[in-house]
Each structure stands twice: as structure tokens, then as C-alpha cells.
Amino acid sequence: MSLQESLNDINSTIDKGLTDFTEQTQASMEAGNTVIFNQYMGEAYKLSQHQVNTFNMFYSEGLTNSTREAVTTAAIDEIILDKQYDYEVAKESLIEAASDIAQVTEVAEIIATGNQEQVINAQEYAVTNDLVEIKQEDVEQYNTSIDSMLEASMTKNMIEAYSQDLQLVDTIAQAMIDTETTQAFFETVTITIDELNPTALNVAWDEYSMVVEGDMYAYYQPIPDLEMMLR
């Protein structure tokens, strides 16, 4: 049960008490009316302790999760989910591009290692199916997908790390309150890695933006032989 469901349950019981029960008992109070109700008749209209306890539990959770910091964190969590989705989309794109490239390299493997008959058949197959080269569009899709997967991973994990810093979350929440753009924040906020400083995040919403930064080095995955990779 959620807070909304518990609220509906409470309201439904009270509505019955204010309508059905009140109408019945009000009629019994008219002069000359001698209807005597069963002494347990009112039990069906009372709020049970279970109803009240359930509502108070969910309501307390709702109040706790309704502070500016908590709601800001919830918005950040949504962005984390978006980044996880972006990663999966980019991964599928990578797989698709790799599959297209593999169709060419598989034919090339036969050309390189097959016997005469296999080579002739492979050549004809390549020409017929337009597999005579690795297409530049497939290369671009493959490489772009890698960039997108890395960006999604880095951004997601930086956001997760920063979201654990209550001071940074409070700073973002305070900026949202100070600019009186609470609704715009939740409808338009984006978080991206700063192009010039990979340890900083750009938080932008509506016409506002801010850069948040912290000590992120402890979260970095060491890259072996980085100098060799960059040559």
C-alpha cells in the first residue's frame, strides 16, 4: 500500500461515517422514531487502529522525503536512471555496428584463408550483399557508441558519488529555492560532465546553471599504461 492508497482508505471510511452513518442516526433522532440500532452497528464506520497506523507510517515517510534535499536527491536519482538507459541504448548500438562490421570481416577471413572455390564464392557473396568494405557509417556508429557508453558510465557514477555529499546536494537545493524555480528544476534539469574539467558536473535547468565539484580521484578506475594508450 502507498500513501495515496492509505489516504483513499482513510477518506473512504470517513466519508461513510459522514454520510451513511450520520444519515441513519440523524433520522433516528427525529421525534416519533423508535428505531433502536444494534450496539455494534457503528463498528463498520470507525477508523481502525491499523488504518491509522498505516497512514501515519506512509505519511511520515512522505514528510521525510519531501524536504528540499530529499526531493533534489530524488530528481538526481531519476537522472541516474536516465544515464543507465542511455548506456543500454549505446551498448545496443555498439553491438549492432559490430555485427555489421563482422559481416565484412567474416568474408575477409575466407578470402584470406580459404581455398580457391571458397574464395570465389566469398567474392561473389561480398559483391552481391554489398560487403566489399567496412562502411564508414558503421565505424562512426561503433566509435560513437563507445564514447556514449563511457560518458554514461562516468556521468552516472559521478552523480552517484556527488549525491552522497549532503553539502553539495544542499547547495543545489538552495540554488533551486533561491531562484524560485523548483518546478522548472524537476522538469528540465540536466547533469553533464564539464568539458574542460572532467571532475566537475554542470547542473542546468531552465535558464540557470551551476558547476559542482569535489574530490573525485578516489572514485576513478585506474587505467593501466595510459601513456601508451594515448600515443
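Bear in mind the structure is a predicted one, so any value in this text is a computation, not a measurement.

Caption draft 1: Spatial organisation of empty space enclosed by the protein. Applying the stated criterion across every chain yields a total of 1 cavity of 30 Å³ or more. Considered as a void within the structure, the largest cavity measures approximately 80 Å³ in volume. I76, I159, Y162, S163, L168, V169, I172, I191, L201, V203 and V212 together form the lining of the largest cavity. Breaking the lining of the largest cavity down by element, the ones donating at least two residues are α5 (136–163), α6 (166–178) and β2 (200–205). Within the lining of the largest cavity, the residues separate by chemical class into 10 nonpolar, 1 polar and no charged.

Caption draft 2: The nonpolar core, seen in detail. F185, L201 and V203 are the most contacted members of the largest nonpolar core, which has 20 residues in total. Of all the secondary structure elements, the ones that give two or more residues to this core are α3 (68–113), α5, α6, β1 (190–193), β2 and β3 (208–213). Setting aside its immediate chain neighbours within four residues, V203 contacts I172, F185, V189, T190, I191, Y208, S209, M210 and V212. Core analysis: the second largest hydrophobic core is formed by 5 residues, V104, V107, A122 and A126 among them.

Caption draft 3: Broad picture of the environment of Q123. On the secondary structure map, Q123 appears in helix α4 (residues 116–128). As for Q123 and V107, which are separated by 16 residues in sequence, their C-alpha atoms are 7.9 Å apart.

Caption draft 4: Summary view of the pairing of β1. Here β1 shows a clear split, with I191 and I193 buried on one side and none of T190 and T192 buried on the other. Linking β1 back to β2 in an antiparallel pair, the connection comprises 6 residues.

Caption draft 5: Representation of unusual backbone geometry within the structure. Even without being a glycine, D130 presents a positive backbone phi close to 55 degrees. With respect to the element layout, D130 can be found in the loop between α4 and α5. For E180, which is not glycine, the phi torsion reads 55 degrees and is therefore positive. Note on placement: E180 falls in the loop between α6 and α7 (182–188). Assessed through its relative accessible area of 72%, E180 is described here as exposed.

Caption draft 6: Quick peek at a negative patch on the surface. A surface patch of like charges, here negative, comprises D77, E78, D82 and D86. Among the structural elements, D86 can be located in helix α3.

Here is what the cut-offs are and how they apply
- Residues numbered from 1 in each chain as written.
- Predicted model: local features only at pLDDT ≥ 70, side-chain atom pairs only at ≥ 80, totals over all residues.
- Heavy atoms only, no water.
- 1 Å grid on protein atoms, 1.4 Å probe; cavity = no way out; pocket = protein on both sides within 12 Å on 5 of 7 lines; lining within 4 Å.
- Points joined across faces, edges and corners; volume = space filled by probe spheres on them.
- Helix = DSSP H or I, 4+ residues; strand = E, 2+ residues; numbered from the N terminus.
- Nonpolar A, V, L, I, M, F, W, Y, C, P; charged D, E, K, R; others polar.
- Core = buried A, V, L, I, M, F, W, Y, C linked by side-chain atoms within 4.5 Å.
- Buried < 20%, exposed > 50% of the residue type's maximum accessible area, 1.4 Å probe, protein only.
- Contact = heavy atoms within 4.5 Å.
- Pairing = 2+ DSSP bridges.
- Patch = residues over 30% accessible without salt bridge, like charges linked within 9 Å, V, L, I, M, F, W, Y side chains within 5 Å.
- Areas by Shrake-Rupley, 256 points an atom, 1.4 Å probe, with all protein chains shown as cover.
- Salt bridge = Lys/Arg side-chain N within 4 Å of Asp/Glu carboxyl O.
- Lys, Arg positive; Asp, Glu negative; His and termini not counted.
- Charge placed at Lys NZ, Arg CZ, Asp CG, Glu CD.

Everything listed here is a matter of geometry and, on its own, says nothing about what the molecule does.
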